[in-house]
Amino acid sequence: MGKIKFTKTELKKQQDAQKQFERFLPTLQLKKQQLQFEVRQSGEQLEANLAARRALTVRLAGLLAFFGPERDAEMISGLVKIRAVRRGSGNIAGIAIPIFEGVDFEPLTWDLFATDWFVDDAVRALKEEVELREAYKILKEQYDLLSAELRTTSQRVNLFEKVKIPECRENIRRIRIMLGDLETSAVARSKIAKRKVAASA
């Protein structure tokens, strides 16, 4: 608690500060609730993405078994080439967050008659895996940004609720007591002075 002056000006200053903190607190609490919801939702999206990737890994393992030993991993991974990852931006509770929009792949052409039937399925599954992986990166970025903002907002709510508002109330109480004591002693001095003047007259 900082040093305070026991004056009417300081009393007004403390009262104004308390009103300001009490005015901003509901907005911060609302923002905290919204961020808690968004962080929970973002976490669920990350979990759903991981579950989809696990399921896809099983599917891919089944498809890759068709390629046989003569088809190496480089050939398979060479089937899918990323041209660009598209990302946009959004706003949640005043925070700019990235949004996954999609992945653009290099066009691939191959002879349908000379290529095995399972190559199409493998390419589709690989593209899906790449999209899920890139989406996960952006979802994780969203989650981290929202979590950091939630921590900051929670700290501010706690600061206002547990420190600033109680501190102002305590300061106001102490100033009022001191001003009351000063007023009482001023009245007492005034009465003593009047008695002395009356006695000397």
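Cut-offs applied
- Residues numbered from 1 in each chain as written.
- Predicted model: local features only at pLDDT ≥ 70, side-chain atom pairs only at ≥ 80, totals over all residues.
- Heavy atoms only, no water.
- Helix = DSSP H or I, 4+ residues; strand = E, 2+ residues; numbered from the N terminus.
- Buried < 20%, exposed > 50% of the residue type's maximum accessible area, 1.4 Å probe, protein only.
- Contact = heavy atoms within 4.5 Å.
- Areas by Shrake-Rupley, 256 points an atom, 1.4 Å probe, with all protein chains shown as cover.
- Pairing = 2+ DSSP bridges.
- Salt bridge = Lys/Arg side-chain N within 4 Å of Asp/Glu carboxyl O.
- Phe/Tyr/Trp six-rings, centres within 6.5 Å; stacked < 30°, edge-to-face > 60°.
- Lys NZ or Arg CZ within 6 Å of the ring centre and 35° of its normal.
- pLDDT = per-residue confidence, 0-100.

**Looking at the overall build of the protein**
Along the backbone of the protein there are 3 helices and 2 strands. Along its sequence from the N terminus, the protein presents helices and strands in the succession α-α-β-β-α. A buried classification covers 28% of the 201 residues belonging to the protein. Long-range contacts, defined as pairs at least 24 residues apart, comprise 77% of the intrachain contacts of the protein with a sequence gap of at least 6. A total of about 13,500 Å² of accessible surface is found on the protein, and carbon and sulfur atoms cover 56% of it.

**Some remarks on the pairing of strand β2 (residues 95-105)**
Strand direction decides the pairing type here: strand β1 (residues 82-92) and β2, joined by 10 bridges, are antiparallel. Among the inter-strand pairings, S89 is bridged to a residue of β2, identified as P98. Between β1 and the antiparallel strand that follows it, β2, lie 2 residues; A93 among them carries a positive phi value of about 50°.

**As for unusual backbone geometry**
Phi angles above zero are rare outside glycine, and A93 is one such case at about 50°. Assignment of secondary structure puts A93 in the loop between β1 and β2.

**Observations regarding the pattern of salt bridges**
If you walk through the whole model with that rule in mind, you get 11 salt bridges. With a shortest N-O distance of 3.5 Å, E128 and R59 are connected by a salt bridge. Taken as a pair, E128 in helix α3 (residues 117-200) and R59 in helix α1 (residues 8-64) lie far apart in primary sequence, 69 residues in all. Residue R59 is classed as partly exposed on the basis of its relative accessible area, which comes to 40%. Here E170 and R173 are joined by a salt bridge, their closest N and O atoms 2.7 Å apart. One end of the pair is E170 and the other is R173, both in helix α3 and 3 residues apart, which spans about a single turn. The class of E170 is partly exposed, set by a relative accessible area of 26%. R173 gets classed as partly exposed once you look at its relative accessible area, which sits at 42%.

**Here we look at the packing of aromatic side chains**
Scanning the entire structure with this criterion turns up 1 aromatic pair. Residue placement shows R23 over the ring face of F24; its charged tip is 5.4 Å from the ring centre. Between R53 and the ring centre of Y136, over which it is positioned, the NZ or CZ distance is 5.4 Å.

**Topic: the side chain of N49**
Summarising the element assignment, N49 is placed in helix α1. For N49, the residues in contact, after removing those within four places along its chain, are L132, A135, Y136 and L139.

**Notes on the confidence of the model for the protein**
Confidence in the prediction for the protein averages 87 pLDDT; 88% of positions are at 70 or higher. Confidence scores differ between elements of the protein, with helix α2 (residues 73-77) showing the lowest mean pLDDT of 59 and β2 the highest of 94.

**Quick notes on the environment of F21**
Its location among the elements puts F21 in helix α1. Along the sequence, F21 and L159 sit 138 residues apart, while their C-alpha atoms lie 9.9 Å from each other. The contacts of F21, once residues within four sequence positions are left out, are F160, K164, I165 and C168.

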